[in-house]
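Take a look at the letters that make up each chain.
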There are 2 protein chains.
Amino acid sequence: MRTLFHLWLDPFSRKVRVVLAEKNLDFKLTVEQVWDRRTDFLTLNPAGDVPVLVEEDGTALSDSAAICEFLEETAPDPGLIGKTPGERAETRRLVSWFDRKFYEEVSECLIAEKVMRRILGQGAPDSRVIRAALANIHTHLDYISHLADHRHWLAGEELSLADIAAAAHLSVVDYLGDVPWADHESAKHWYARIKSRPSFRAILADSIPGLTAPKHYANPDF
Amino acid sequence: MRTLFHLWLDPFSRKVRVVLAEKNLDFKLTVEQVWDRRTDFLTLNPAGDVPVLVEEDGTALSDSAAICEFLEETAPDPGLIGKTPGERAETRRLVSWFDRKFYEEVSECLIAEKVMRRILGQGAPDSRVIRAALANIHTHLDYISHLADHRHWLAGEELSLADIAAAAHLSVVDYLGDVPWADHESAKHWYARIKSRPSFRAILADSIPGLTAPKHYANPDF
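Bear in mind that the values here come from a model prediction, so they are computed numbers and not experimental data.

Here we look at the sheet that holds strand 3 (residues 52-54) of chain B
Strand pairs in the sheet, formed through backbone hydrogen bonds, run parallel or antiparallel to each other.
Residue and element names in this part refer to chain B.
Then, in step 1: With mixed pairing, the four strands of this open sheet are ordered in space as 2-1-3-4. The sheet is open, and its two borders are formed by strand 2 (27-31) and strand 4 (60-62), each paired with just one other strand. Pairs of neighbouring strands in the sheet enclose a mean axial angle of 20°, with direction left out of account.
Then, in step 2: Sheet analysis places strand 1 (residues 2-6) next to strand 3, joined by three bridges and oriented antiparallel. Note on strand 3: the bridge partner recorded for Phe5 is Val52.

Shown next as structure tokens:
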């Protein structure tokens, strides 16, 4: 069976987990404490980060975008990127929006301050960084609402990798209790639809020792 | 004709320029001063960054990875990502290495300190940031040398988007005179092969007003 090296609150690992589940591909999860910089793991991925997917034949794949494209090519049903080149460009643009822009402006900051500092024993979180991330998230939720108001799913009529990437990042922030859902109705309804998908069930069942999610986290009707 | 909105010393814009040239696609360049946050430009790309490629039919594409995948799908000859899913995953992994890791650790720092500060009138560069980037670059040049010692091109036997991404970032750093070529023979020989390609000619002819490139910059035999 394939193995996914991951971290519980890493949005990129979560994105790949949901893609694997949407495509009905079996896999087992292994937590990789990337900060240990284990030699065997660096052989699999010289960049040293998760996710890393090891296929049954031993092929090691890294970088979440490369992994998702590989899965789309080797397990094309259901397609998650789009049919025409234009649709596919739109999906990839939005994936990059969440993986690059949302990550840099919101999820990376909150993970660094609220999770990594604790794991690495780096002291109290920097409240200025957290405040900035919590201010930035509104623009992104507005953008999700705007897209969800104009399209059935974020990149078009079909569920795509754009929805999965956005939901992966938001699910981590939601686990930390930091998504202001009440101010963003359309984004909330879109996320409720994601939460009700079987592919998202494992994400909602995640429970990180010593870090309890708020009650609404796992509830599709929040 | 298609239009590429770009900035002269933006590695992502350079990557797309070289891909367009390798695929023999005509385009005209338009400089977009992204810091002006022009409304018409934000309509083309809400993320507000370059490159943005506007196709002849008016379709606006953004995010350099999405643009390169679009060009690979619509103008597949010559292929620049690889043939098998495994080859393609390796190309994409390396593109991401340079666009994410090299950018964060090297090129973004040098561009921010040496170029953007001047354009935006933000005072003298931060020498600590520059020193860190100049220390980091050695690991990346070692990695390029390692790959070039074991493969004909960085991702395998054929020239690929991995070579183009790496060269795009390095060309910007080289324009600033900051690539320690003398310490990295194999990387230097690989880059000399890239420099001699017709698709790279326009990049080597770039001349940014008020910022002169070192003499070796345009010389394939450096």
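So, the environment of Asn136 of chain A
Residues and elements named next belong to chain A.
Then, in step 1: Here Asn136 shows up in helix 5 (residues 127-150).
Then, in step 2: Placed 57 residues apart in sequence, Asn136 and Gly79 show a C-alpha to C-alpha distance of 32 Å.
Then, in step 3: Not counting the four nearest positions on each side in its chain, Asn136 is found in contact with Glu105 and Val106.
Then, in step 4: A polar contact is formed between the side chain of Asn136 and the backbone oxygen of Glu105, at a distance of 2.9 Å.

A closer look at helix 6 (residues 161-175) of chain B
Two residues of an α-helix separated by three or four positions point the same way, owing to the 3.6 residues in each turn.
Residue and element names in this part refer to chain B.
Then, in step 1: Over its 15 residues, helix 6 runs 21 Å from end to end, which matches the ideal 21 Å to within 8%, given 1.5 Å per residue.
Then, in step 2: Most of helix 6 is tucked away: 15 of the 15 residues are buried.
Then, in step 3: By the N-cap criterion, in which a side-chain oxygen at the helix start approaches the backbone nitrogen of a residue two or three places on, helix 6 is capped by Ser160, the distance to Ala162 being 3.0 Å.

Some thoughts on the relation of the copies chain B and chain A
Then, in step 1: With an RMSD of 0.0 Å, chain B superimposes on chain A once it is rotated by 180° and translated 0.0 Å along the axis. Here the two chains are linked by the operation of a two-fold rotation axis. If distances are taken from each C-alpha of chain B to the rotation axis, the shortest is found for Arg100 of chain B, at 4.6 Å.

With respect to the sheet that holds strand 3 (residues 52-54) of chain A
Residue and element names in this part refer to chain A.
Then, in step 1: Strand order in the open sheet formed by four strands is 2-1-3-4, with mixed pairing between adjacent strands. The open sheet has two free edges, formed respectively by strand 2 (27-31) and strand 4 (60-62), since each of these has just one partner strand. On average, each strand axis in the sheet is inclined to that of its neighbour by 20°, with strand direction left out of account.
Then, in step 2: Examined bridge by bridge, strand 1 (residues 2-6) and strand 2 share five bridges and lie parallel to one another. Within strand 2, the position partnered with Phe5 by the bridge is Thr30.
Then, in step 3: Each of strand 3 and strand 4 touches helix 3 (residues 64-74); the most contacted strand, strand 4, lies at about 125° to it.

Comments concerning a negative patch on the surface
Then, in step 1: A contiguous patch of negative charge on the surface is contributed by Glu104 and Glu108 of chain A together with Glu104 and Glu108 of chain B.
Then, in step 2: Considering the arrangement of structural elements, one finds Glu104 of chain B in helix 4 (residues 85-119).
Then, in step 3: Its relative accessible area of 52% is what places Glu104 of chain B among the exposed residues.

Thoughts on the interface of chain B and chain A
Then, in step 1: Residue-level contacts link 22 residues of chain B with 22 residues of chain A.
Then, in step 2: Of the roughly 1,900 Å² buried between chain B and chain A, counting both surfaces, carbon and sulfur atoms make up 57%.
Then, in step 3: There are 10 salt bridges connecting chain B and chain A.
Then, in step 4: The shortest N-O distance in the salt bridge between Arg88 of chain B and Glu73 of chain A comes to 2.8 Å.
Then, in step 5: Here chain B is connected to chain A by 10 residue pairs in polar contact (both at pLDDT 80 or more).
Then, in step 6: Counting only elements with at least two residues in the side of chain B that touches chain A, the list comes to strand 4, helix 3 (64-74) and helix 4 of chain B.
Then, in step 7: Per element, the largest residue contribution to the side of chain B that touches chain A is 10 residues, and it comes from helix 4 of chain B.

The rules we used
- Each residue is numbered by its place in its chain's sequence as written, counting from 1.
- Here every chain gets a letter starting at A, and every ligand a number starting at 1, in the order they are written.
- Side-chain atom pairs in this predicted model are given and counted only at pLDDT of 80 or more, local residue features only at pLDDT of at least 70, and totals for whole chains, interfaces and linings cover all residues.
- Just so you know, side-chain values use all the structure's heavy atoms and leave hydrogens and water out.
- Here the rule is simple: two strands pair whenever DSSP picks up at least two bridges between them.
- Helix and strand labels come from DSSP, where a helix needs a run of H or I of at least four residues and a strand needs a run of E of at least two; each type is numbered from the N terminus.
- Whenever a helix is involved, its axis is fitted only over the stretch in contact; in every case the axis is a line through C-alpha atoms, and angles between N-to-C directions fall within 0 to 180 degrees.
- When checking whether two residues touch, look at their non-hydrogen atoms; a contact exists if any pair is within 4.5 Å.
- In protein, a polar contact means a hydrogen-donor-capable atom and an acceptor-capable atom, both N or O and within 3.5 Å, with residues adjacent in sequence counting only if both atoms are side-chain atoms; elsewhere, any N or O pair within 3.5 Å suffices.
- Multiplying one less than the number of residues by 1.5 Å gives the expected span of a helix.
- Buried, partly exposed and exposed residues are distinguished by accessible area as a fraction of the type maximum, computed with a 1.4 Å probe on protein chains only: under 20%, between the cut-offs, and over 50%, respectively.
- Copy-to-copy superposition: least squares on the C-alpha atoms, limited to residues that have pLDDT of at least 70 in both copies.
- What goes into a patch is any residue over 30% in relative accessible area without a salt bridge, connected to like charges within 9 Å or, for nonpolar side chains (Val, Leu, Ile, Met, Phe, Trp, Tyr), within 5 Å.
- In these tables, accessible area is a Shrake-Rupley quantity obtained with a 1.4 Å probe, and a residue counts as shielded only by the protein chains included in the view.
- Just to be clear on terms, a salt bridge is a Lys or Arg side-chain nitrogen sitting within 4 Å of an Asp or Glu carboxyl oxygen.
- Positive charges come from Lys and Arg alone, negative charges from Asp and Glu alone, with His and the N- and C-terminal ends not counted.
- For the purpose of locating charges, the reference atoms are NZ of Lys, CZ of Arg, CG of Asp and CD of Glu.
- Two parts lose some accessible area (1.4 Å probe) when they are put together, and adding that loss for both gives the buried area.

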